[in-house]
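Here is what each chain is made of, one letter per residue.
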Amino acid sequence: MSLTFCYSFPAVKGNQAGRDYFVIMCPLKVLPKLFIFNDEDLSPEARSQRTLNKQRIPEISDYILQNRNDYVFSSLTASMDGQYEFIPFNGEPFHSIGTLKIDMDSRLLINDGQHRKHALDQALKADSSLENETISIVLFIDEGLKRSQQIFSDLNKHAINVSKSISITFDHRDPISTITKEIIFNNPYLYEFTDLEKSTLPKFSNKLFTISNFYKANQRIIANSSYEDPHFKTSIDSFITGYWTYLTDHIEEWQLVFNKSLTPYTMREEYIISYGTVLEAFGIIGNYLLQNNLKDFSCIFKDLNTIDWKRNNLTEWHGRVIGQGGRILRNTKCINLTCIRIKTLLGLSLTKQEQAIEQTYLEENNE
């Protein structure tokens, strides 16, 4: 067979379940030409892919452009429907390395990676220097829609989304991830009792916190600040470090766990002080202190250990941290209400917005 008009790619030939497949290196400038067919407007049963979520594309594209010298993309997976020819290296019939020729009239459908493909297309329009860089594509022989749908299902059936915590632990780009890890890694107590992989602690976990909760709390501390400015970032990082160091050293309930007088399990069962809702509430308080240049923590938190953090203290925490049946509440409203209560107990002034939120809470609870 000889193909007159075709695409030609370096390729490796493999075999799975008795079927041949190929791995090719595709220049980014060729991607838009290879995958022209778009089936997102078809009904689900007639598509080979999920509907494209166009809101994800700019975020992925920006990742490429902002990390131009060290972005990383995994392979796309596709099915090809049309004529092709594999020419082994040096003409050896059993050689698995060679050249794959694909007829230009062939139709290629993406089974996995459509958002990556569209993001690459968008990035290429913004930066033409990407055109000769490559992405690997795993190509299966198209055996019809049913097979293409099955490939998509099989590829995603056993996929597990990475937890927020381990993403933070492995992330060396995000400055909030960096300062969060520095605080935890440099504090022996936080390092011992913070889970760096799980975002939700198992019931009998020997950890007290998750890194994702500290990350979210730090996001709240730096909100509306000039954190992107290198000059201000240094001072903000210093504030954040000092803030968590002070709380770690002075929250008596945490110290009970650090000193092995109380197990993390018992702490979580009996107190609210280690839960994400409370940590994020402390994050909002940290933002308040940062914005108002309040740094005398010993004065600000002089009444910290007069607060009753027990889960059965419904007078303070019902509808803020504790819901029906004693479950822990975790949403923005509850985080704000928890922050308001802590600020009130510490004698800190409430903002006008916080006053309005508290008034609504009191009216809803007939207080």
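See above for the structure.
Residues numbered from 1 in each chain as written. Predicted model: local features only at pLDDT ≥ 70, side-chain atom pairs only at ≥ 80, totals over all residues. Heavy atoms only, no water.

**Notes on the pairing of strand β6 (residues 107-112)**
Of all the six residues making up β6, five are buried; the element is thus mostly covered by neighbouring parts of the structure. Pairing between strand β3 (residues 76-81) and β6: five bridges, direction antiparallel. Counted as the bridge partner of Thr-77 is Asp-112 from β6. (Buried < 20%, exposed > 50% of the residue type's maximum accessible area, 1.4 Å probe, protein only. Helix = DSSP H or I, 4+ residues; strand = E, 2+ residues; numbered from the N terminus. Pairing = 2+ DSSP bridges.)

**Examining unusual backbone geometry**
Not every positive phi belongs to a glycine, and Ala-17 is a case in point at roughly 50 degrees. The topology assignment puts Ala-17 in the loop between β1 (6-16) and β2 (19-27). A positive phi angle, near 65 degrees, is found at Lys-260, a position not held by glycine. Assignment of secondary structure puts Lys-260 in the loop between α10 (252-258) and α11 (264-270).

**Focus on the nonpolar core**
Among the nonpolar cores identified, the biggest contains 56 residues, and Tyr-243, Trp-244, Trp-254, Phe-282, Phe-301, Trp-309 and Ile-342 are the most heavily contacted of them. Looking at this core, the elements that each hand over two or more residues are α6 (175-185), α7 (188-193), α8 (211-222), α9 (230-250), α10, α12 (276-291), α13 (297-300) and α15 (332-346). The leading source of residues in this core is α12, at nine residues. Those residues in contact with Ile-342 that sit more than four places away from it in its chain are Val-278, Ala-281, Phe-282, Ile-285, Ile-307, Trp-309 and Trp-317. (Core = buried A, V, L, I, M, F, W, Y, C linked by side-chain atoms within 4.5 Å. Contact = heavy atoms within 4.5 Å.)

**Things to note about the side chain of Thr-77**
Tracing the backbone shows Thr-77 in strand β3. The residues contacting Thr-77, other than those within four sequence positions of it, are Leu-109, Ile-110, Asn-111, Asp-112, Val-138, Phe-140 and Leu-155.

**Thoughts on α6**
Within α6, burial applies to Ile-176, Ser-177, Ile-179, Thr-180, Lys-181, Ile-183 and Ile-184. Buried residues in α6 make contact with α5 (164-170), α7, β8 (194-195), α8 and α9. Taking the backbone nitrogen of Ile-176 as reference, a side-chain oxygen 3.0 Å away marks Asp-174 as the first, capping residue of α6. (Polar contact = N/O pair within 3.5 Å; in protein donor to acceptor, adjacent residues only side chain to side chain.)

**Considerations on the sheet that holds β1**
With respect to topology, seven strands assemble into an open sheet ordered β4-β5-β1-β2-β7-β3-β6, the strand pairing being mixed. Among the strands making up the open sheet, the edge pair consists of β4 (84-88) and β6. Each strand axis lies, on average, 35 degrees off the axis of its neighbour in the sheet, ignoring direction. Sheet topology places β4 next to strand β5 (residues 97-103); five bridges connect them, and they run antiparallel. Along β5, the bridge assignment pairs Phe-86 with Leu-100. Each of β3, β6 and β7 (134-141) is contacted by helix α3 (residues 114-126), which is oriented at about 115 degrees to β6, the strand it contacts most. (Axes fitted to C-alpha atoms, helices over the stretch in contact; angles between N-to-C directions.)

**What about helix α2 (residues 56-66)?**
For α2, the full list of buried residues reads Ile-57, Ile-60, Ser-61 and Ile-64. Along the axis of α2, the buried residues cluster in a sector spanning 100 degrees; they form a single face. Facing away from the buried side of α2 by more than 90 degrees, the exposed set consists of Glu-59 and Gln-66. Where α2 is buried, its residues contact α3. (Arc of directions from axis to C-beta.)

**Some thoughts on the environment of Thr-332**
When you line up the elements, Thr-332 lands in helix α15. Taking relative accessible area as the criterion, Thr-332 reaches 47% and is therefore assigned partly exposed. Once the C-alpha coordinates of Thr-332 and Asp-296 are considered, the two residues, 36 residues apart in sequence, prove to be 28 Å apart.

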